[in-house]
Structures are given as structure tokens and as C-alpha cells.
Amino acid sequence: MPETIESLLAEGRTFPPPKDFKADALVVDAEIYDEADTDTEGFWAQAAAALDWFEEWHTVCEWDLPFAKWFVGGKLNASYNCLDRHVAAGHGDQVAYHWEGEPGDTRTITYSQLLDEVSRLANALKALGVEKGDRVNIYLGMVPELPMALLACARIGAPHSVVFGGFSADSLRDRINDAQAKVLITGDGAWRRGAVVPLKDTADVAVAECPSIEKVLVLRRTEQDVPWTDGRDVWWHDLVPEQSTECPPEPMDAEDLLYLLYTSGTTAKPKGIMHTTGGYLTQVSWTHSHVFDLHSDNDVYWCAADVGWVTGHSYIVYGPLANRTTSVLYEGTPDFPDKDRLWQIVEKYKVTILYTAPTAIRTFMKWGPEWPEKRDLSSLRLLGSVGEPINPEAWVWYWQHIGGGRCPVVDTWWQTETGAIMITPLPGATTLKPGSATFPLPGIGADVVDDAGNSVGIPGGGYLVLTRPWPSMLRGIWGDPERYKETYWSRFDGKYFAGDGAKRDADGYFWLLGRVDDVMLVSGHNISTAEVESALVSHPAVAEAAVVGKTDATTGQAIAAFVILRSGNEPSDALVDELRDHVGDTIGPIAKPKSILFTEDLPKTRSGKIMRRLLKDVSEDHALGDTTTLADPSVVEGIKSRYLAQATEQD
Ligand code: 7RM
């Protein structure tokens, strides 16, 4: 008998590791936490020893708050660790990527093929004048050449800076100029929902204002005509195939820059987050194998994110390849040509581990369970979630309709800045609670503190902080060490402030509440957007919700809600009242939204995070702030006109 949603969501219902899962799991007991606590440096040193080093480090960690160095004196190469060593060990024929193009074309790329292609591309970059230390910008869709580009840069010691293929010319220009990149790798276009995203046209607009760019390497994918600048632009197919497959990996210092990745945040200037080589690769590979319980010989792993997001850097490229994983790489969107595309891919490649975002899960809820039900998902054995708080309903839906009630769900909390997963279960050892990321990983120090920086204890709520350095931590903000100190290390003495709110329950479980900038203040009460959204989504008619605090003459802020309904439900005034009451019953009358607007879509970044500040602009009738990092900038305009129409109606 399948369990009912009510019983799965019942207060206090927990999910211990399933017996079958535990039988084969890499970690099955909690001792590892104590061991790592007793000797944290020893723990990370052991993790680092799983990599191949050209030279041993002499010191595990040098901590000069807030500047850390890990594995000091060690030399290694990330591309060598991801490729050469697996081929040398006889695994050259193992598939690294099953690539699925959006139009339905496919490619299978083995480790030895990937090594050859990366070496050719690395030699091509050298031929274009790239030297160790030079920055290379990458602006591509989800094609195999994208991971190749990252690895080729890593091979020759040229830090990469990837910009999402959906970003505007202005965003690309600003990021290239901040990094002072010498070469840009892009393509003619990318496929997205059956249409061409004209990468080269956009890149040309950007590069016109990027004096540091000397060469543009262009991959042919969508085959339409593109603007061309002779002397600057070079076709990939003219240059790369003729290169030698011999390209010795550059021995890099553990602390040499591996990449920059820009986070937009809410302020104007994007921050170039710096990640270095040894510590990053250590924590990314350790977390990838232990959090996803990776069995390299058997698993087929799929992180359905974009490489342009940190999740793609760490858990599509560096972690999986360092661990000799067979991965799926998919170019397109989940609803092309139909809403079962992901499930068709899971069935086709017999995916065993799936890692995606709550925003995607809530979209699948909106579309209804009939789509996954059409496909055989019995190969799956573990599910992961990342990017936002996952509300208990979405967690349970994922567990039930995608995981078939068999698969642990690991909710993974981390940031671009942390480089790798920080707070999450170990699926063979941790008892899960839907909606909780559970505990900091072994070796990680996290706490929840009050305004004065004192631990709130358990149970309690406040600001999430990290209390010790960790190997994959950001090493700074490119070109701005002061901003690094100010942003992350100034709020609480000696602690890293993540910018997120969190609660710990009586069992010590961590519950992430989203950005503290998003916390609302209604009649003197702090209310987190995540809690109200979770209450809305716990109503059977609701698939997804976003709420913001809008300035209000009587209450300081009033809650404005934007709600997407599950298929089969219609907007009505009665439903508005019902949802208000539902939130009132779930949290308390103070949390009842003052207004509710039904919408088909919400403004989101390409990685699926709701841009609440834009909804706040809408609710307060301000001019819209920067929309350049939105997945689809038209969404917010549509919401704005309907919001204003509804407000007039209500007046
Ligand atoms: C990996 C990534 C970081 C921010 C972070 C949080 C939110 C991410 C979770 C989460 C609750 C999670 N990097 N966030 N994962 N909130 N539970 N499991 O997303 O730099 O793009 O964003 O995302 O607010 O600070 S990121």
C-alpha cells in the first residue's frame, strides 16, 4: 500500500536510511563526525590523499583569519586528477558523459576521448596566446565542449570564468572586464526549447567593449550565420582538431587560482568569487562521493543543473570527474519536446543518482505525477536537492513520485562561496526529516547565532555562520580583498556569515530559511519568506509560491504573495480567502498574506532562485531593478501589469 501524503508529512515523521540502501552505503554510522571533530586537519588530509599530487603538501591549513591556505606546498593539476589518472589506471573506456542534445542528438564520451579532446583544446588555447595565469572567459550552452573548456583551462593553469549562456551582453561584458580575460570561448548558438539562443551575437556586443579580449574561439552548434571579426574570431573546428593530443598538465600550486565565478547578489557590482586548486578539489571530490554515495563502477549520475552555476562546476565537472563517475549531461529544458523529458532520460540511461533544484521539483508538481509515471524510474536509488530551501511537500513529492519511496533525499546546503556542499545528510547514516538539510558534514563547523553573534543553542533560530575554515572556501573576491572581509567576515567576529537565516530544532537538525535580506517585519514580528511560502505550498492547490514584505502604513510591512497553482486548479476569490486562512492556520494570523496574485510564472535566476527583490519592486510599484540575470526577463513585466491591474480592482 503506498503511503498517503498526510502520513508522510505527519509531524515528527522521520526517514531512516532504507535497509537496502544502507547495505551498500559508503558511510553507515555517525562515528565519522566525531573522528573529524577530534582531528579536523587529519580528516581533510585523508580526503586530499585520495587525489594524485605531483608534490606533497607540508602544511594542511594555514589560517590567518579571514585568509586560509590549504595543503600548503602541494602541487597538483585538476585536469590530471579528472582525466589522466583514470586513463592510466585502465578506465579509459569508461563513459565520462552520456550527452543528450536538446534536439535529440547524442554523444557518448569516454575518459580517454575526453582526455584527448581536452588536451587538443588546451594546445589550441596555447596557440591563441593563453599562458599560465591568464584568464579565459567561457560563454556556451550545455554541450560537451563546455566541461572540456573548463578542463583545458585547468590543464594549462589558466583560470576560467564561466558566464551562463543565458546572460545578457552587459553581464558578460562586466564579467570579462572585471577578470581582464584574454580569450573568450563561445559558440554560434545554444538550443533552448527548440529555439536558438544567439550566443555569438551577444558575445560580439559584449566584446566590443572588452579591450582585454584578444581572441574569440567559436564552437559551431546551431549552424546559423554569425557576425565575424577577422583576425580576432577563430572557429573551433578550424583550430582544435589539428592540435596534438599531447599536452602535459601544468603542475599547479595547491593555492593557485582554478577559477573565478561571479555572483550577482543584490548589489550592483558582481563579485568574482575565487576558488583555488587543492582544497577545492579535495572537498568537492570528497563530498561528491560521500554525499551521493558514489559507486564509480555502477552508478549513472545526473546533476541536472547548468555548468554556468557553481553546482555545475563542482558537481557536473570537477567532483564527478575526479571520482571517475559516469554522468549524464543534458543540453535543454525539462519540457522539451514534452514534460517527461527528464524522466525519459532517466529511463534511457538508467540513472541511479539524480541531483536537481526545488524550483524544478515544484514545477514537476505543477505538471502533475502523470509525467514521471509514464517512465520507468526504477533505476534511481538516491535523490539530491540544491539551491533553495526545499519545503516538506516538495521533498515528500520528490521522495514519492520520483524516488518511488525507495530513495533517500539529500538536501544539500552550500553556496558559490563555499565551493562545495556544507550542510547535508550522509544518506547511509543520517535519519532524514523532510525539509531539513540535517547536519554540517564531518569536518565542517556551522552554528546559528543571534544578533550579537552568540550561539542560540537548540532549539533556536537566527543567522547561519560557519565557525572554521574549510578546504573549498572562497579565497577572496577578485581584485577586492576589503570587500571580501567586509561581506563575509565583519558581521560576526571570527565567523563566516553566510547571509542565510536558519533554525535548529530540538534534535539539532538545521532548517535553512533563505536569505536574511528576505526576512519580513510585520507588526514587529520577523517572518521568513521561506516559512510563508512553505505554508502556501502545503495547500493542495498550490505548486509554488513567492512572498515579499511590501511597505505598509499600519503594519510596517505587509505580505504580498505570488502563487502558481497546480494543474487542475483555477484562480478565484474564494481560493484567495482559503489560502489566507490556510497560512493563518499553519503559522498564525500575523503571517496571512495581505494580497495574493495568481501567476503562471515567477521571476527566477537561471539557477532557479526566485528574485524576490523584483517582486518587492512590483508590489511597491517601483521601477524594476536589474533584471539581467533573470532566466526570462519578460516574466516580471507580465506579473507587474497584472499586479497593478488587480491592485486597482481591489481599490
Ligand atoms: C549551491 C548554490 C547560495 C544560496 C544560499 C542559500 C540558497 C542553496 C540551499 C539553499 C536552503 C538549500 N549556490 N541555498 N542551497 N537554501 N537549502 N539546500 O545554490 O551561490 O547560487 O546560492 O542559495 O540561500 O546562501 S549559490
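The structure contained in this document is the topic of the report that follows. Sequence order as written defines the numbering, with residues in each chain counted from 1. Note on the predicted model: pLDDT of at least 70 is required for a residue's local features to be given, and 80 or more for side-chain atom pairs to be given and counted; whole-chain, interface and lining totals, by contrast, use all residues. Heavy atoms from the whole structure form the basis of all side-chain values; hydrogens and water molecules are not counted.

1. A few points about the site of the ligand
Argument step 1. Neighbouring the ligand are 17 residues; Asp411, Thr412, Thr416, Arg515 and Lys609 lie closest to it.
Argument step 2. Any pair of N or O atoms that falls within 3.5 Å is considered a polar contact. Within protein, one atom must be able to donate a hydrogen and the other to accept it, and sequence-neighbouring residues count only if both atoms are side-chain atoms. Here a nitrogen atom of the ligand sits 2.7 Å away from a polar atom, N or O, in the side chain of Asp411.
Argument step 3. Lys609 places a polar side-chain atom, nitrogen or oxygen, 2.8 Å from an oxygen atom of the ligand.
Argument step 4. Note on areas: Shrake-Rupley with a 1.4 Å probe; residue coverage comes only from the protein chains shown. Burial of the ligand by the protein amounts to 93% of the accessible area it has alone, namely 520 Å².
Argument step 5. Going through the elements one at a time, helix 12 (310-322), strand 20 (409-412) and strand 24 (510-515) are the ones with two or more residues in the shell around the ligand.
Argument step 6. Gly is put with the polar residues, along with every residue not named as nonpolar or charged; the nonpolar set is Ala, Val, Leu, Ile, Met, Phe, Trp, Tyr, Cys and Pro, and the charged set is Asp, Glu, Lys and Arg. Partitioning the shell around the ligand into residue classes produces seven nonpolar, five polar and five charged. Residue proximity to a molecule or strand is established when one non-hydrogen atom of the residue lies within 4 Å of it. By the criteria applied, helices consist of DSSP H or I runs no shorter than four residues and strands consist of E runs no shorter than two, each listed in order from the N terminus.

2. Looking at the nonpolar core
Argument step 1. We call a set of buried residues a nonpolar core when its members are Ala, Val, Leu, Ile, Met, Phe, Trp, Tyr or Cys and they connect through side-chain atoms within 4.5 Å of each other. Burial classes: relative accessible area under 20% of the type maximum marks a residue as buried, over 50% as exposed, and values in between as partly exposed (1.4 Å probe, protein chains only). Within the largest apolar cluster, 138 residues are counted, with the highest numbers of intra-cluster contacts made by Leu114, Ile138, Ile185 and Tyr318.
Argument step 2. It is helix 7 (residues 145-156) that contributes the most residues to this core, nine residues altogether.
Argument step 3. Pairs of residues are marked as contacts when any of their non-hydrogen atoms sit within 4.5 Å. Once you skip the residues sitting within four places of it in the chain, Ile138 turns out to touch Leu146, Ala149, Leu150, Cys153, His160, Ser161, Val162, Val163, Leu184 and Ile185.
Argument step 4. The next biggest cluster of nonpolar side chains, apart from the first, holds 33 residues, and it includes Val300, Trp302, Trp371 and Leu380.

3. Some remarks on the packing of helix 11 (residues 278-291) against helix 12
Argument step 1. To define axes, lines are fitted to C-alpha atoms, for helices over the stretch in contact only, and angles between the resulting N-to-C directions are given on a 0 to 180 degree scale. At their nearest, the axes of helix 11 and helix 12 sit 8 Å apart, and the two run at 85° to each other. With respect to each other, helix 11 and helix 12 are oriented roughly perpendicular. Taken together, the residues of helix 12 that come into contact with helix 11 (itself represented by Tyr280, Leu281, Val284, Ser285, Thr287 and His288) are His313, Ser314, Tyr315, Tyr318, Gly319, Pro320 and Ala322.
Argument step 2. Looking at the contact of helix 11 with helix 12 residue by residue, the classes come out as seven nonpolar, six polar and no charged. For classification purposes, angles smaller than 35 degrees are called roughly parallel, those larger than 145 roughly antiparallel, those between 65 and 115 roughly perpendicular, and all remaining angles oblique.

4. So, the sheet that holds strand 8 (residues 183-187)
Argument step 1. Across the sheet, which stays open at both edges, the seven strands sit in the order 12-11-8-6-7-14-15 with mixed pairing between neighbours. Each edge of the open sheet is held by one strand with a lone partner, namely strand 12 (233-235) and strand 15 (271-276). Neighbouring strand axes in the sheet, compared pairwise and without regard to direction, differ in orientation by 25° on average.
Argument step 2. As paired strands, strand 8 and strand 11 (residues 215-219) are joined by five bridges and run parallel to one another. Of the residues in strand 11, the one forming a bridge with Ile185 is Leu217. For two strands to be treated as a pair, DSSP must find at least two bridges joining them.

5. Some words on the packing of aromatic side chains
Any two aromatic rings considered together are summarised by their centre-to-centre distance and by the angle between their planes.
Argument step 1. Stacked, tilted and edge-to-face are the three classes applied to pairs of Phe, Tyr and Trp rings, where Trp contributes its six-membered ring and a pair requires centres within 6.5 Å; stacked means planes under 30 degrees apart, edge-to-face means over 60, and tilted covers the rest. Under the counting rule described, the total for this entry stands at 35 aromatic pairs.
Argument step 2. Here Phe43 and Trp286 contribute two aromatic rings whose centre-to-centre distance is 5.2 Å and whose plane-to-plane angle is 70°, an arrangement assigned as edge-to-face. You can see Phe43 sitting in helix 4 (residues 40-48) and its partner Trp286 sitting in helix 11, a full 243 residues away along the chain.
Argument step 3. Overall, the relative accessible area of 10% leaves Phe43 in the buried class.
Argument step 4. A residue is classified by how much of its surface remains accessible, and Trp286, at 9% relative accessible area, is buried.
Argument step 5. A centroid spacing of 5.4 Å and a plane angle of 65° characterise the contact between Phe164 and Phe167, whose relative ring orientation is edge-to-face.
Argument step 6. The structure contains a cluster of three or more aromatic residues connected by ring pairs, namely Trp63, Phe67, Trp470, Tyr484, Tyr488, Trp489 and Tyr496.
Argument step 7. Any Lys NZ or Arg CZ that is within 6 Å of a ring centre and within 35 degrees of that ring's normal is treated as a charge sitting over the ring. Residue placement shows Arg13 over the ring face of Phe15; its charged tip is 4.5 Å from the ring centre.

6. Structural notes on the sheet that holds strand 4 (residues 95-100)
Argument step 1. What the seven strands build is an open sheet, ordered 5-4-17-16-18-19-20; its pairing is mixed. Bordering the open sheet on either side are strand 5 (106-110) and strand 20, each of which pairs with just one other strand. The sheet shows a mean angle of 20° between the axes of neighbouring strands, taken without regard to direction.
Argument step 2. In the packing of helix 12 onto the sheet, contacts are made with strand 4, strand 16 (300-303), strand 17 (326-330), strand 18 (353-356) and strand 19 (382-386), and the angle to strand 16 comes to roughly 160°.

7. Some details on a negative patch on the surface
Argument step 1. Distance thresholds for patches are 9 Å for like charges and 5 Å for nonpolar side chains (Val, Leu, Ile, Met, Phe, Trp, Tyr), applied to residues having over 30% relative accessible area and no salt bridge. Should a side-chain nitrogen of Lys or Arg be within 4 Å of a carboxyl oxygen of Asp or Glu, the pair is scored as a salt bridge. Asp and Glu are treated as the negative residues and Lys and Arg as the positive ones, with His and the ends of the chain left uncounted. Just so you know, the charge point we use is NZ for Lys, CZ for Arg, CG for Asp and CD for Glu. Side chains of Asp29, Glu31, Asp34 and Glu35 sit close together on the surface and give a patch of like negative charge.
Argument step 2. Mapping Asp29 onto the fold places it in the loop between helix 2 (19-24) and helix 3 (31-38).
Argument step 3. On the basis of relative accessibility, which here comes to 39%, the residue Asp29 falls in the partly exposed class.

8. A short note on the environment of Val519
Argument step 1. Along the chain, the position of Val519 falls in the loop between strand 24 and strand 25 (520-522).
Argument step 2. Counting along the chain gives 515 residues from Val519 to Thr4, while the straight-line C-alpha distance between them is 33 Å.
Argument step 3. Discounting chain neighbours no more than four positions away, the residues touching Val519 are Asn526, Ile527 and Gln557.

9. Section: unusual backbone geometry
Argument step 1. Across the junction of Phe336 and Pro337, the peptide omega takes the value -5°, indicating a cis bond.
Argument step 2. Following the sequence through the fold, Pro337 ends up in the loop between strand 17 and helix 13 (341-349).
Argument step 3. A cis amide bond, omega -10°, links Ile458 with the succeeding residue Pro459.
Argument step 4. Backbone geometry at Arg193 places phi at a positive 50°, although glycine is not the residue there.
Argument step 5. Positionally, Arg193 belongs in the loop between strand 9 (190-192) and strand 10 (195-197).
Argument step 6. Arg193 gets classed as partly exposed once you look at its relative accessible area, which sits at 45%.
Argument step 7. At Glu223, a residue that is not glycine, the phi angle is positive and equals roughly 70°.
Argument step 8. Examined against the element boundaries, Glu223 turns out to sit in the loop between strand 11 and strand 12.
Argument step 9. The class of Glu223 is exposed, set by a relative accessible area of 63%.

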